[in-house]
Amino acid sequence: MVVFQGGIGPAGHSTDDLYVLDLTNDKFKWHRVVVQGAGPGPRYGHCMDLVAQRYLVSVSGNDGKRVLSDAWALDTAQKPYKWQKLNPDGDRPSARMYGTASARSDGMLLLCGGRDASGTPLSDAYGLLMHTNGQWEWTLAPGISPSPRYQHAAVFVGARLHVTGGVLRGGRAIEGEGAIAVLDTAAGVWLDRNGIVTSRTLKSTNEHDASSDLLRRCRHAAASVGSQIYIYGGLRGDILLDDFLIAENAPFQSETDRVPSTDKKSIDMLTEASAAEAEAVSAVWRAAKEASVASSEDSLSEGIGSESPLSETSPMNDDLDDGPMQPDVKLHSRAVVVAKEAVGDLGCLVRQLSLDQFENESRRMHPANNDQSNSAKKALNRQRSPQGLHKKVISLLLRPRNWNAPADRAFFLDSYEVGELCYAAEQIFMQEPTVLQLKAPVKVFGDLHGQFGDLMRLFDEYGYPSTAGDITYIDYLFLGDYVDRGQHSLETITLLLLLK
């Protein structure tokens, strides 16, 4: 199906009628779609795409009087058809024309570039998402674009938006490396031929790039099929082009995606050292146990010889009243637990964990302002978790690429804040049925066991739940076993409750 709406020609603006080219049979035919009510109105320089395989979304343009910044949607699943003017939340894009609107497979529309009312080319990009409650939201895309542009073309291949061609102020074509750019929406970075773009100053090169010269054009058409991108026609200066180009989506591997190789020799050395330390600890423990048994026998013989029964005034009870008994033996702080995976891809992995790391997770959390009475009073008047707490947790924990474990293992929330978060999640759980009916697409996560670093790596590899990601269109299912065993159970359960 090909959809077509609006535009301008020798006779001026066309109407805002909507047409569909039906490709379902051999007799291709245009159909005019009957739409009730008011629509976007006659305009040109706008852009439109099908979002989530359902919503036709038209953005921006020029109505002959001014440059526009509005957005309209038509639900193709509901009849009679009618346009709805959107009122999205978030960071709204400025008025523009000659930009591009491209829909990602998971339902995000990306508005890229364009020209404002003064003729200045724009370099920003905005994502338009529809939440499950029907509310739309604009989100400013991160990263630095290689060049501002308008009258370009842009298509998605997976999570990458491939931008080609375009012009600058005065209709001057973009030359050199800037003619090709890629926005990796999963990583939140712009890419060029040299990798991640950190500034708009194009790197000079003495090598002649024929592909960049081919893409020095504007007003061309582009489409993607699988991993290939097809580009047809356009203008290069005053020359009308009639060529047809095919490009392949080349993989780009960032520094953070590289997995370090495992050195078998290092693992063997680690295993030997760990076994030696464990054996030393066992020897100390056996010696201490033998000494303890001998001491107990001596004490027992002394008690029998004196024939004095135990009483409340005996020295043993005095020691108990003074405080907890101090153990005679302390494990060395460098004692380790070694576990070697026997099957699977981790068959060569040896895990080492110091015994001094085994501590109660609750000890990492301190009372609010060290005032137990104040915390108790607050708990009696507990309200739904404030928005500030959500922002605090998101900013500190939902960082798939740059989260670092705290050096002192201190937890950043106090007991009252954790209580607020648990209470807010509890209210949601109470309102939901016991059995949840989920629809695809959905991401399923297995046991986490407090391995917060593993959770961040999964988010980094497969996308993470944020308004800039895919949370509005893809459900996340965590099966259970959220805590224990791992080093960061508090971080894990806190983030999951907050996401809930």
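Residues numbered from 1 in each chain as written. Predicted model: local features only at pLDDT ≥ 70, side-chain atom pairs only at ≥ 80, totals over all residues. Heavy atoms only, no water.

A short note on the overall build of the chain
Filter applied, for reference: Runs of E in the DSSP output that reach at least two residues are strands. Runs of H or I that reach at least four are helices, and both are numbered from the N terminus. Exposure is judged per residue with a 1.4 Å probe applied to protein chains only, and the accessible area is read against the type maximum: over 50% gives exposed, under 20% gives buried, and values in between give partly exposed. Residue contacts are defined here by distance: any two heavy atoms, one from each residue, within 4.5 Å place the two residues in contact. Working definition of accessibility: Shrake-Rupley area with a 1.4 Å probe, residue cover restricted to the visible protein chains.
Counting secondary structure elements, the chain contains eight helices and 27 strands. Of all 500 residues assigned to the chain, the portion counted as buried reaches 37%. In the chain, 58% of the contacts between residues at least 6 apart in sequence involve partners at least 24 apart. Within the structure as shown, the chain displays about 30,200 Å² of accessible surface, and the carbon and sulfur contribution to it stands at 53%.

A look at the pattern of salt bridges
In plain terms, the rule: The rule for a salt bridge is simple: a side-chain nitrogen of Lys or Arg has to be within 4 Å of a carboxyl oxygen of Asp or Glu.
Taken as a whole, this structure holds 12 salt bridges when the rule is applied. Here arginine 96 ties to aspartate 124 by a salt bridge, and the two come within 2.8 Å at their closest N and O atoms. Of this pair, arginine 96 sits in the loop between strand 11 (89–90) and strand 12 (100–103) while aspartate 124 is found in the loop between strand 13 (109–112) and strand 14 (125–130), placing the two residues 28 residues apart along the sequence.

What to know about the nonpolar core
Just so we agree on the cut-off: In this description, a nonpolar core means a group of buried Ala, Val, Leu, Ile, Met, Phe, Trp, Tyr and Cys residues linked to one another through side-chain atoms lying within 4.5 Å.
Membership of the largest hydrophobic core comes to 31 residues, with the highest contact counts inside it found for Val57, Val59, Leu109, Trp136, Leu161 and Trp190. Broken down by element, this core gets its largest block of residues, five residues, from strand 14. In contact with tryptophan 136, not counting residues within four places along its chain, are Val51, Tyr55, Val57, Ala73, Leu86, Pro88, Asp89, Leu128, Leu129 and Met130.

Some points on the packing of helix 7 (residues 452–462) against helix 8 (residues 489–499)
Quick note on the threshold: For helices, the axis comes from a line fit to the C-alpha atoms of the stretch in contact; other axes are also lines fit to C-alpha atoms, and the angle between any two N-to-C directions lies between 0 and 180 degrees. Orientation is classified from the angle alone, with under 35 degrees giving roughly parallel, over 145 giving roughly antiparallel, 65 to 115 giving roughly perpendicular, and any other angle giving oblique. Asp, Glu, Lys and Arg are counted as charged, while Ala, Val, Leu, Ile, Met, Phe, Trp, Tyr, Cys and Pro are counted as nonpolar; the rest, among them Gly, fall into the polar class.
Running from amino to carboxyl end, helix 7 crosses helix 8 at an angle of 45 degrees, the nearest separation of the two axes being 8 Å. On the basis of their axis angle, the class for helix 7 and helix 8 is oblique. Taken together, the residues of helix 8 that come into contact with helix 7 (itself represented by Phe452, Leu455, Met456 and Phe459) are Glu491, Thr492, Leu495 and Leu496. Taken together, the residues that form the contact of helix 7 with helix 8 break down as six nonpolar, one polar and one charged.

Examining the environment of serine 212
For serine 212, the position within the fold is in helix 1 (residues 210–214). Separated by 34 residues in the primary sequence, serine 212 and glycine 178 have C-alpha atoms spaced 8.2 Å apart. If sequence neighbours within four positions are ignored, serine 212 has contacts with Gly176, Glu177, Ala179 and Ile180.

Quick notes on the pairing of strand 19 (residues 189–192)
The condition is simple: Should DSSP find at least two bridges between two strands, the strands are regarded as paired.
What you see with strand 19 is no split at all: Val189 and Leu191 on one side and Trp190 and Asp192 on the other are buried throughout. Bridge count for strand 18 (residues 180–184) against strand 19 is three bridges, and the pairing is antiparallel. Bridge assignment links leucine 183 to a residue of strand 19, and that residue is tryptophan 190. The turn linking strand 18 back onto strand 19 is made up of four residues, and glycine 188 within it adopts a positive phi angle of 75 degrees. Examined bridge by bridge, strand 19 and strand 20 (residues 195–196) share two bridges and lie antiparallel to one another. Paired with leucine 191 across the strands is isoleucine 196, a residue of strand 20.

Some thoughts on the packing of aromatic side chains
Inclusion rule: Stacked, tilted and edge-to-face are the three classes assigned to paired rings of Phe, Tyr and Trp, where Trp is represented by its six-membered ring and a pair needs centres within 6.5 Å; plane angles under 30 degrees give stacked, over 60 edge-to-face, the rest tilted.
Counted by the stated rule, this structure contains 12 aromatic pairs. Pairing tyrosine 126 with tryptophan 138 gives two aromatic rings, centres 6.3 Å apart and planes at 85 degrees, and the pair type is edge-to-face. Of the two residues, tyrosine 126 is situated in strand 14 and tryptophan 138 in strand 15 (residues 136–140); the sequence distance between them amounts to 12 residues. Relative accessible area serves as the criterion here: at 10%, tyrosine 126 is assigned to the buried category. Take tryptophan 138: its relative accessible area is 3%, and that puts it in the buried class. Between phenylalanine 459 and tyrosine 476 the ring centres are 6.2 Å apart and the planes differ by 80 degrees, which places this aromatic pair in the edge-to-face class. Note that phenylalanine 459 is positioned in helix 7 and tyrosine 476 in strand 27 (residues 475–478), a separation of 17 residues in sequence. Residue phenylalanine 459 shares its accessibility class with tyrosine 476, and that shared class is buried. Here a set of aromatic residues connected by ring pairs shows up, and it is made of Phe445, Phe459, Tyr476 and Phe478.

Describing a nonpolar patch on the surface
Stated precisely, the cut-off is as follows: Patches draw on residues past 30% relative accessible area with no salt bridge. Two like charges within 9 Å are joined, as are two nonpolar side chains (Val, Leu, Ile, Met, Phe, Trp, Tyr) within 5 Å.
The grouping of Leu436, Leu438, Val442, Val444 and Leu479 at the surface amounts to a nonpolar patch, some 430 Å² of accessible area in total. Here leucine 436 lies in the loop between helix 6 (415–431) and strand 26 (442–445).

A short note on helix 8
With nine of its 11 residues buried, helix 8 lies for the most part within the structure. Ser489, Leu490, Glu491, Thr492, Thr494, Leu495, Leu496, Leu497 and Leu498 are the residues of helix 8 that are buried.

Regarding the sheet that holds strand 6 (residues 35–36)
Ordered in space as 6-10-9-8-7, the five strands form an open sheet in which the pairing is mixed. A strand with exactly one partner marks an edge of an open sheet, and here the two such strands are strand 6 and strand 7 (47–51). In terms of strand pairing, strand 9 (residues 67–75) meets strand 10 (residues 81–85) through three bridges, oriented antiparallel. In the sheet register, leucine 74 faces strand 10, and the bridge partner there is tryptophan 83.

Considering the pairing of strand 22 (residues 228–236)
Where strand 21 (residues 221–225) and strand 22 come together, five bridges link them in antiparallel fashion. Residue alanine 223 lies in a different strand from strand 22, and its bridge partner there is tyrosine 230. Where strand 21 folds back on strand 22, the antiparallel hairpin that results is connected by two residues, among which glycine 226 adopts a positive phi of roughly 65 degrees. Both strand 22 and strand 23 (residues 239–248) contribute to a ladder of eight bridges, which runs antiparallel. Counted as the bridge partner of leucine 235 is leucine 240 from strand 23.

Describing helix 6
What counts, and what does not: Expected helix span is taken as 1.5 Å per residue step, with the number of steps being one fewer than the number of residues. Under this definition, polar contacts are N or O atom pairs within 3.5 Å; protein pairs additionally need one hydrogen-donor-capable and one acceptor-capable atom, and for neighbouring residues in sequence, both atoms have to be side-chain atoms.
When the terminal C-alpha atoms of helix 6 are compared, their 25 Å separation across 17 residues agrees well with the 24 Å that a helix rising 1.5 Å per residue should span. Where helix 6 is concerned, the buried positions are Tyr416, Glu417, Val418, Gly419, Glu420, Leu421, Ala424, Ala425 and Gln427. Here helix 6 starts with a cap whose side-chain oxygen sits 3.1 Å from the backbone nitrogen of tyrosine 416, and that cap is aspartate 414.

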